[in-house]
Amino acid sequence: YKQGPSLSSSSTTINMDNKGVGLASRAGGGDINNNNTAVDEEMAPLNINTAEKMTTYSSFRSLWSAKNASLFSLVLQQSGLVLMIRYSRTIGVGADLVPYIPSVVVVSAEVLKFVLNWTLEIVKQPDGATDSTEILKSMVTMESLKLLVPALLYLTQNNLLFVALKNLSVPVYQVLNQGKLFTTAFFSRLLLDKKISYCQYFSLLMLATGVVIVQQSANKDHQNDSSTTNEGNPMVGFLAVLVSCLTSGFATVYFEKVLKQKTTAQKQLSVYVRNMQLAFWSILFGAVPIIMSDDLEKVQKDGLFQGYTWVVFTIIVFQAITGLLVGFVMKYADAVLKGFATSVAVVLATILSIVIFHDNVNMLFLVGSALVILAVRTYTNNPPVVSGGEAKSDAK
């Protein structure tokens, strides 16, 4: 027996007794000790190999589970969000139900996002080292003011989501919304000096072509079929998606640039705190249209949370966890698998919308959506390259 230095004196006494037993056994004819030693020497390599295999298996299983869980969650969130909003804006609106106010739903999602990131910031610090007072003070610093622009743009994008899905079917919206890849690439080249390969330029051209074809298919369906689920205007929906893609692309690249800049604070702010700052300004900006528009009269009449059902609560949760899920995917997977998950979400949402909303899918839509999905896959398989030469995948 080998005695470690950290054991107590009582353990040492027991060990000494064991040694005494061993000596007595040898005195009686050392077969027992010799046999035990032989068995230990034979079993030692087996135990070590088994432990190594179990450790490797556990690590692989853990990584595999996190990777697939993140991808599955992203597919569920991206497809579920648009389906829920479409349902709540069309067939989910009953005559006996007061409709919810989209601007209030957007602000509610930002409040939940603020709370979630605050919780994660506290949890990730050991022994409660996070000072909640300091976190709250960081909401109104000069560093926080840098996020005024992306906060306003993200808020605009989230509000336009409800406008678009009131006027467009889920398949058309899902495909048109991939245009944010084009705007993100453009602003990445402009603001972050990211190089774009010829293959990526070709994929962006393919993306633009597919978006135009899908838009034409939407106009054609609207003219030929008067029994659609909603009475919306596809052109209004298309303009909403176009502005949403522009705001999303610029806000994403601007936020990435802010994260890469060195702060003047004593320590670098975490992504969770940055997300809290974004949510903080979004809440303030989001309260303005509620107060300054007709929404205020609706709130005074039927309350702030009028029309809230389980569908609306699901929309709020899905909107609040969008950024966290993307970060989760980029941590455990990569940009290529993120693009694949996006493509799966488009296909899944299209299939479910045909079943739930009886949306029409013509040949023009199939051709355009195929071009868009192929363009997304081609672009994400060739991540942008920073001028310094280091490959960098988009995080949003």
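Residues numbered from 1 in each chain as written. Predicted model: local features only at pLDDT ≥ 70, side-chain atom pairs only at ≥ 80, totals over all residues. Heavy atoms only, no water.

We now examine helix H11 (residues 271–292). Here H11 spans 32 Å end to end across 22 residues, near enough to the 32 Å set by a 1.5 Å rise per residue. Along H11, the positions that sit buried rather than exposed are Val 273, Arg 274, Asn 275, Met 276, Gln 277, Leu 278, Ala 279, Trp 281, Ser 282, Gly 286 and Ile 290. Where H11 is buried, its residues touch helix H3 (102–124), helix H4 (132–137), helix H5 (142–145), helix H6 (148–167), helix H10 (234–260) and helix H12 (295–302). (Helix = DSSP H or I, 4+ residues; strand = E, 2+ residues; numbered from the N terminus. Expected span 1.5 Å × (residues − 1). Buried < 20%, exposed > 50% of the residue type's maximum accessible area, 1.4 Å probe, protein only. Contact = heavy atoms within 4.5 Å.)

A separate point is unusual backbone geometry. Notably, Asp 193 is not glycine yet its phi reads approximately 60°, a positive angle. Mapped onto the fold, Asp 193 is located in the loop between helix H8 (180–191) and strand S1 (194–195). Phi is positive for His 358, which is not a glycine, with a value near 60°. Mapped onto the secondary structure, His 358 falls in the loop between helix H15 (335–357) and helix H16 (363–380). Of the residues examined, His 358 reaches a relative accessible area of 63% and is grouped as exposed.

Right, let's talk about the packing of aromatic side chains for a bit. Scanning the entire structure with this criterion turns up 9 aromatic pairs. Where Phe 114 meets Trp 118, the ring centres are 5.8 Å apart and the plane angle is 80°; that geometry is what we call edge-to-face. Of the two residues, Phe 114 and Trp 118 are both situated in helix H3; the distance of 4 residues between them amounts to about one turn of the helix. The structure contains a cluster of three or more aromatic residues connected by ring pairs, namely Phe 186, Phe 187, Phe 250 and Tyr 254. (Phe/Tyr/Trp six-rings, centres within 6.5 Å; stacked < 30°, edge-to-face > 60°.)

What follows covers the pattern of salt bridges. Evaluation of the coordinates by the stated rule reveals 7 salt bridges. Overlapping salt bridges bring together Glu 143, Lys 146 and Arg 274 as one network. (Salt bridge = Lys/Arg side-chain N within 4 Å of Asp/Glu carboxyl O.)

This part takes up the side chain of Gln 174. Within the element layout of this structure, Gln 174 appears in helix H7 (residues 170–176). Beyond its immediate stretch of four places on either side in the chain, Gln 174 contacts Gln 78, Ser 79, Val 82, Ala 345, Val 346 and Ala 349.

Together, Tyr 87, Ile 91, Val 347, Leu 348, Ile 351, Leu 352, Ile 354, Val 355 and Ile 356 give the surface a local cluster of nonpolar side chains, amounting to about 720 Å² of exposed area. Among the elements that make up the nonpolar patch, the one with the highest residue count is H15 (7 residues). Residue class for Ile 354 comes out partly exposed when judged on its relative accessible area of 36%. (Patch = residues over 30% accessible without salt bridge, like charges linked within 9 Å, V, L, I, M, F, W, Y side chains within 5 Å. Areas by Shrake-Rupley, 256 points an atom, 1.4 Å probe, with all protein chains shown as cover.)

By secondary structure assignment, the location of Leu 205 is in helix H9 (residues 198–224). Considering only alpha carbons, one finds Leu 205 and Val 372, 167 residues apart in sequence, at a separation of 9.8 Å.

Further remarks concern the confidence of the model for the protein chain. The predicted model of the protein chain has a mean per-residue pLDDT of 79, with 74% of residues at 70 or higher. In the predicted structure, residues 386–396 sits below a pLDDT of 50 and forms 29 contacts with residues beyond four places in sequence or in another chain. (pLDDT = per-residue confidence, 0-100.)

A few words on the environment of Val 336. Here Val 336 shows up in helix H15. Given the relative accessible area of 27%, Val 336 is considered partly exposed. Spatially, the C-alpha atom of Val 336 lies 8.7 Å from that of Tyr 379, the residues being 43 residues apart in sequence. Not counting residues within four places of it along the chain, the set of residues in contact with Val 336 comprises Thr 380 and Asn 381.

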